[in-house]
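For reference, the chains in residue letters:
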Amino acid sequence: ADVAYLRSVLPSNTDDAFFDYLATLDASEVTVTAIPEGSVVFARVPFLQVKGPLLVVQLLETTLLCLVNYASLVATNAARFRLLAGPDVKLMEMGLRRAQGPDGALSASKYSYIGGFDCTSNILAGKLYGIPVCGTIAHSFVMSFRSLEEVQPRELPPRAGGDPVDLAALAVSWLQRVCDLLQTPPGKANQGELAAFVSYAVTFPCDFQGLLDTYCVRRSGLPNFCAVALALHQLGYQAIGVRLDSGDLAQQSKEIRRVFRDCGAHFQVPWFGTIPIAVSNDISEQSLEEFRREGSEIDMIGIGTNLVTCPLQPSLGCVYKLVEVNGSPCLKLTEDEEKMTIPGMKTIYRLYDAAGHPFMDLMALEEEPSPSAGQELGIHVLGRLGETTKVIPSTVEPLHRTYFRDGQVCEPLPSLPEVRTYAQVSLNLLSPTHRRLHEPQPYPVAVTERLHRLFLELRQGS
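Residues numbered from 1 in each chain as written. Predicted model: local features only at pLDDT ≥ 70, side-chain atom pairs only at ≥ 80, totals over all residues. Heavy atoms only, no water.

**Some thoughts on the sheet that holds strand β9 (residues 277-279)**
Within the open sheet, the six strands sit side by side as β4-β3-β10-β9-β8-β7. Their pairing is parallel. The open sheet has two edge strands with one neighbour each: β4 (119-120) and β7 (209-211). Direction of pairing for strand β3 (residues 90-93) relative to β4: parallel, over a ladder of two bridges. Within β4, the position partnered with Glu93 by the bridge is Thr120. (Pairing = 2+ DSSP bridges. Helix = DSSP H or I, 4+ residues; strand = E, 2+ residues; numbered from the N terminus.)

Structure representation (structure tokens):
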């Protein structure tokens, strides 16, 4: 069917032998080597190498670039958020409503998880990929209630057993006590919001959470949540968190934490002061920097638009270039040195310093002997090819592995959690000077003396 379709769109005088050839194509002559998923990869380093019949590997170009570009972009964007948030704050991907269609949304959920996010609000991604799923109640749920009379059912049995208790009535009694403590009028607490919280708590008493900013955080959302959470506590249950979705999130988180601690101390409920606080609302890298600068009590951050759409860099410029044909190295020449290709089939090495940090990636021709730890190397750094630099690595790591040969996958493929863990290990190995997001020290990529000579010969020959 594919060949028939191609016949219909290609010029009518296309040789029939071409279509006969297409019908025989398979991948048995293709070999793919790559840097493992989750690795940190730097500009100009070939992270994927494909060998095979020329026509076959040319046909693979668009597919491979489609598969790696967006995946690498989103994983990198997620990793930046993780670096800014630090290791202790939970990050939730919640970009489904802003993603580039359902396919883009699924990809974003998957590769955000690889980049360091803890969970996703995309239930289909959870089903397909095993990513932990989580979320909070919606504003529309809170707004759908008007009064406590709408709460059905309203009774909840104590966790330890016994007769059911009217949770709505119990929450109302706690609301008065909470408002007295907070010195806020009970009449300012929205009754529909209280009803929504009670209804949710009756349904999910072990997973009760509150969305605090539907009306007013200080006068309504916070006292209503505390009242329901304390009523649940009286019956043996424990609330699991709150979410903020507007306003000064850092400042509000500190005020909410203070209220939680005051309630915990006043009503003798020790765990109350540690209720997790989640935030959302168009969170960006700048938002995380402000949280850190101002100080906050935020435990979990939901990020959507600025994660899945990658506004700082909407696309990644990975390219697929021919470097050798029938054993003869080839070179794309341009006046812009950064766009010149590096000829020949290559092996990639990562060089480490004595502290265990990678300090340079080195490209060598495939037939060259591997460099050794402790051995002085004469190399040429890209961007300064005219200069020879001497380096002595403490450790040398070959980066490429062969994943596909003779039509078969020949390297065990890691699970998604394994790739995620490997990505964080790779990032943590970097020197802090290379890892910082603002004005990082450039990471050098170099070529061996022999590869540099080949480059010069081909350039001069052209």
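**Structural notes on the packing of aromatic side chains**
Two numbers describe a pair of aromatic rings. These are the distance of the centres and the angle of the planes. Counted according to the given criterion, the structure contains 13 aromatic pairs. Taking the centre distance of 6.1 Å and the plane angle of 70° together, the rings of Phe197 and Phe208 count as edge-to-face. Pair noted here: Phe197 is in helix α9 (residues 191-203) and Phe208 is in the loop between α9 and β7, with a separation of 11 residues, a long-range link. Across this residue pair, the class does not change: Phe197 and Phe208 are buried. Each member of the aromatic cluster is reached from another via a ring pair, and the members are Phe141, Phe145, Phe197, Tyr200, Phe204, Phe208, Phe225, Phe260, Trp271 and Phe272. Over the ring of Tyr129 we find Lys110, and its NZ or CZ is 4.9 Å from the ring centre. Over the ring of Trp174 we find Arg177, and its NZ or CZ is 4.0 Å from the ring centre. (Phe/Tyr/Trp six-rings, centres within 6.5 Å; stacked < 30°, edge-to-face > 60°. Buried < 20%, exposed > 50% of the residue type's maximum accessible area, 1.4 Å probe, protein only. Lys NZ or Arg CZ within 6 Å of the ring centre and 35° of its normal.)

**A short note on the sheet that holds strand β17 (residues 395-398)**
With respect to topology, six strands assemble into an open sheet ordered β16-β15-β20-β14-β13-β17, the strand pairing being mixed. The open sheet is flanked by β16 (389-391) and β17, the only strands paired with a single partner. Ignoring strand direction, the axes of neighbouring strands in this sheet form an average angle of 40°. Here strand β13 (residues 346-352) pairs with strand β14 (residues 358-365) via seven bridges, running antiparallel. Note on β14: the bridge partner recorded for Ile348 is Met363. (Axes fitted to C-alpha atoms, helices over the stretch in contact; angles between N-to-C directions.)

**A closer look at a nonpolar patch on the surface**
On the surface, Tyr5, Leu6, Val9 and Leu10 cluster together into a nonpolar patch covering about 350 Å² of accessible area. In this structure, Leu6 sits in helix α1 (residues 2-9). (Patch = residues over 30% accessible without salt bridge, like charges linked within 9 Å, V, L, I, M, F, W, Y side chains within 5 Å. Areas by Shrake-Rupley, 256 points an atom, 1.4 Å probe, with all protein chains shown as cover. Salt bridge = Lys/Arg side-chain N within 4 Å of Asp/Glu carboxyl O.)

**Some details on the domain arrangement of the protein**
By domain assignment, the protein separates into domain 1 (25-55 + 315-461) and domain 2 (76-309). Between domain 1 and domain 2, the C-alpha centre-to-centre distance is 45 Å. Taken together, the contacts link 11 residues of domain 1 with 16 residues of domain 2. A buried area of about 1100 Å², summed over both sides, lies between domain 1 and domain 2, and 66% of it is on carbon and sulfur atoms. Where domain 1 touches domain 2, the interface holds one salt bridge. The greatest single-element share of the side of domain 1 that touches domain 2, amounting to seven residues, is contributed by helix α14 (residues 416-429). Partitioning the side of domain 1 that touches domain 2 into residue classes produces six nonpolar, two polar and three charged. (Domains from an automatic or database assignment. Contact = heavy atoms within 4.5 Å. Buried area = accessible area lost by both parts, 1.4 Å probe. Nonpolar A, V, L, I, M, F, W, Y, C, P; charged D, E, K, R; others polar.)

**With respect to the side chain of Ser39**
Relative to the assigned elements, Ser39 resides in the loop between β1 (31-34) and β2 (48-51). In terms of polar contacts, Ser39 uses its side chain to reach the backbone carbonyl oxygen of Pro36, at 2.8 Å. (Polar contact = N/O pair within 3.5 Å; in protein donor to acceptor, adjacent residues only side chain to side chain.)

**Comments concerning the packing of helix α4 (residues 61-85) against helix α5 (residues 101-115)**
Orientation of α4 relative to α5, taken along the N-to-C sense of each, is 50°, at an axis distance of 7 Å. Relative to α5, the element α4 is oriented oblique. Viewed along their axes, α4 and α5 form a crossing whose handedness is right-handed. Across the interface between the two elements, Tyr70, Ala71, Val74, Ala75, Ala78, Ala79 and Arg82 of α4 pack against Gly104, Ser107, Ala108, Tyr111, Ser112, Ile114 and Gly115 of α5. Here the contact of α4 with α5 is composed, by residue class, of nine nonpolar, four polar and one charged. (Parallel < 35°, antiparallel > 145°, perpendicular 65-115°, else oblique. Left-handed = near helix turned anticlockwise from the far one by under 90°.)

**Notes on the nonpolar core**
In terms of nonpolar packing, the biggest core is built from 73 residues, with Val198, Phe208, Phe225, Phe260, Phe272 and Ile301 touching the most fellow members. In terms of residue count, helix α10 (residues 217-234) provides more of this core than any other element does, 10 residues in total. Sequence-distant contacts of Ile301, that is, excluding residues within four places in its chain, are made with Val89, Lys90, Leu91, Met92, Val279, Ile283, Leu288 and Phe291. If you look at the next biggest cluster of nonpolar residues, it comprises 22 residues, including Met363, Leu385, Leu430 and Phe455. (Core = buried A, V, L, I, M, F, W, Y, C linked by side-chain atoms within 4.5 Å.)

**Details of the UniProt feature "domain: Nicotinate phosphoribosyltransferase N-terminal" (unreviewed entry) in the protein**
UniProt's feature table lists "domain: Nicotinate phosphoribosyltransferase N-terminal" (unreviewed entry) at residues 2-69, given in the numbering used throughout. With 46% helix and 12% strand, residues 2-69 has its two end C-alpha atoms placed 25 Å apart. (UniProt positions renumbered as here; feature names shortened; annotations may be inferred.)

**Some details on the pairing of strand β15 (residues 377-381)**
Among the five residues in β15, four count as buried, and that is most of the element. As paired elements, β15 and β16 share three bridges and run antiparallel to each other. Bridged to Leu377 within β16 is Val391. Where β15 lies against strand β20 (residues 445-448), three bridges are found, and the strand directions are antiparallel. Bridge assignment links His380 to a residue of β20, and that residue is Val447.

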